[in-house]
Amino acid sequence: MRGAATRSVLWAVLGLMLLALVGQRLLDPVYEPCAACEHTGRVSCGADGCAHGSVPCPGRCIKADDPGWERMAVDGHPPDELWLRFYNVDGTFNAWSRAHIGEVVEMVDGRYVLRGRCPVCAGTTRVACSTCNAARMCPTCRGRGRLRRWLAWR
Ligand SMILES: [Zn+2]
Ligand SMILES: [Zn+2]
Ligand SMILES: [Zn+2]
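Below, the discussion takes up the overall build of the protein. On a plain count of helices and strands, the protein comes out with 1 helix and 9 strands. Scanning the protein from its N terminus toward the C terminus, one meets helices and strands in the order α-β-β-β-β-β-β-β-β-β. For 154 residues, the compact-globule formula gives about 15 Å, and the C-alpha radius of gyration of the protein, at 26 Å, lies well above that figure. Considered along the principal axes of its C-alpha atoms, the protein spans approximately 95 × 45 × 20 Å. The 154 residues of the protein split such that 27% are buried. Considering only residue pairs separated by 6 or more positions, the protein has 54% of its internal contacts joining residues 24 or more positions apart. A total of about 10,700 Å² of accessible surface is found on the protein, and carbon and sulfur atoms cover 58% of it. Measuring between centres, the 20 positive side-chain charges of the protein sit 17 Å from its 14 negative side-chain charges.

Let us look at the sheet that holds strand E3 (residues 70-71). Read from one edge to the other, the open sheet built from 3 strands follows the order E3-E4-E5, with strand pairing classed as antiparallel. Edge positions in the sheet fall to E3 and strand E5 (93-97), since each of these pairs with one other strand and no more. Across 2 bridges, the pairing between E3 and strand E4 (residues 82-87) is antiparallel. Within the sheet, the bridge partner assigned to glutamate 70 lies in E4 and is tryptophan 83.

Residues Arg142, Arg144, Arg146 and Arg148 make up a contiguous surface patch of positive charge. Inspection of the secondary structure puts arginine 146 in strand E9 (residues 146-149). Under the relative-accessibility criterion, arginine 146 is labelled partly exposed at 41%.

The next subject is the coordination of the zinc ion (ligand 1). Protein coordination of the zinc ion (ligand 1) is provided by Cys45 (SG), Cys50 (SG), Cys129 (SG) and Cys132 (SG), with donor distances spanning 2.3 to 2.4 Å. Donor residues for the zinc ion (ligand 1), ordered by position in the chain, follow C-x4-C-x78-C-x2-C. Given the relative accessible area of 9%, cysteine 50 is considered buried.

Looking now at the coordination of the zinc ion (ligand 3). Working reference: metal with six octahedral donors, ideal angles 90 or 180 degrees; metal with four tetrahedral donors, ideal angle 109.5 degrees. Looking at the zinc ion (ligand 3), the protein donor atoms are Cys34 (SG), Cys37 (SG), Cys138 (SG) and Cys141 (SG), and they sit 2.2 to 2.3 Å from it. One way to put it: the 4 donor atoms around the zinc ion (ligand 3) meet at angles of 104 to 116 degrees, and that makes the site tetrahedral. The motif formed by the donor residues of the zinc ion (ligand 3), counted along the single chain, is C-x2-C-x100-C-x2-C. One end of the pair, cysteine 37, is in the loop between strand E1 (30-33) and strand E2 (54-56); the other, cysteine 138, is in the loop between strand E8 (126-128) and E9, with 101 residues separating them in the sequence. Residue classification places cysteine 138 among the buried residues on the basis of a relative accessible area of 1%.

Reading guide: rules and limits
Residues numbered from 1 in each chain as written. Chains lettered and ligands numbered in written order. Predicted model: local features only at pLDDT ≥ 70, side-chain atom pairs only at ≥ 80, totals over all residues. Heavy atoms only, no water. Helix = DSSP H or I, 4+ residues; strand = E, 2+ residues; numbered from the N terminus. Rg over C-alpha atoms; globule rule 2.2 N^0.38 Å. Buried < 20%, exposed > 50% of the residue type's maximum accessible area, 1.4 Å probe, protein only. Contact = heavy atoms within 4.5 Å. Areas by Shrake-Rupley, 256 points an atom, 1.4 Å probe, with all protein chains shown as cover. Lys, Arg positive; Asp, Glu negative; His and termini not counted. Charge placed at Lys NZ, Arg CZ, Asp CG, Glu CD. Pairing = 2+ DSSP bridges. Patch = residues over 30% accessible without salt bridge, like charges linked within 9 Å, V, L, I, M, F, W, Y side chains within 5 Å. Salt bridge = Lys/Arg side-chain N within 4 Å of Asp/Glu carboxyl O. Donors = N, O, S within 2.8 Å, 3.2 Å for Na, K, Ca; no water. Tetrahedral: all angles 85-135°; square planar, octahedral: opposite > 155°, others 65-115°.

This is the structure in structure tokens:
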């Protein structure tokens with residue numbers, strides 16, 4: 001008889017702990033980025049170049065997947081920083097680091113210069129896909145880009 005009583009107390013305590021845990025998640029939700037859509041909330045429509053409802057910017061901004069990124073020894077910069085070279089008409093070059101991704105590079109009087117944030121993509125290097133206009137929601141997170149975690153430790 002005593003054993004049964006102890007067991008029911010244990011179950012009650014366990015139940016309360018679980019309730020407290022779920023209750024805390026209700027009041028203070030924990031989210032994780034949705035891996036299925038890389039937390040964009042959108043999926044590709046299958047059109048050429050469409051990823052998560054966007055395509056690479058057609059503007060002349062520096063992009064992370066431009067060919068030619070390389071390490072260079074530059075004063076005041078870490079040695080493993082990546083740079084992209086642009087050759088001027090006279091054979092010299094200007095190079096910009098990945099901190100300038102999304103900025104437009106243009107040739108002016110034979111030399112390449114930075115023209116600031118790309119006006120086409122606002123510096124994101126991607127624009128909405130013209131086929132789906134980023135309207136296809138990710139079925140995993142239903143377009144939210146993140147998933148709620150009910151039993152999670154921070
Ligand atoms: Zn698309
Ligand atoms: Zn752009
Ligand atoms: Zn998703």
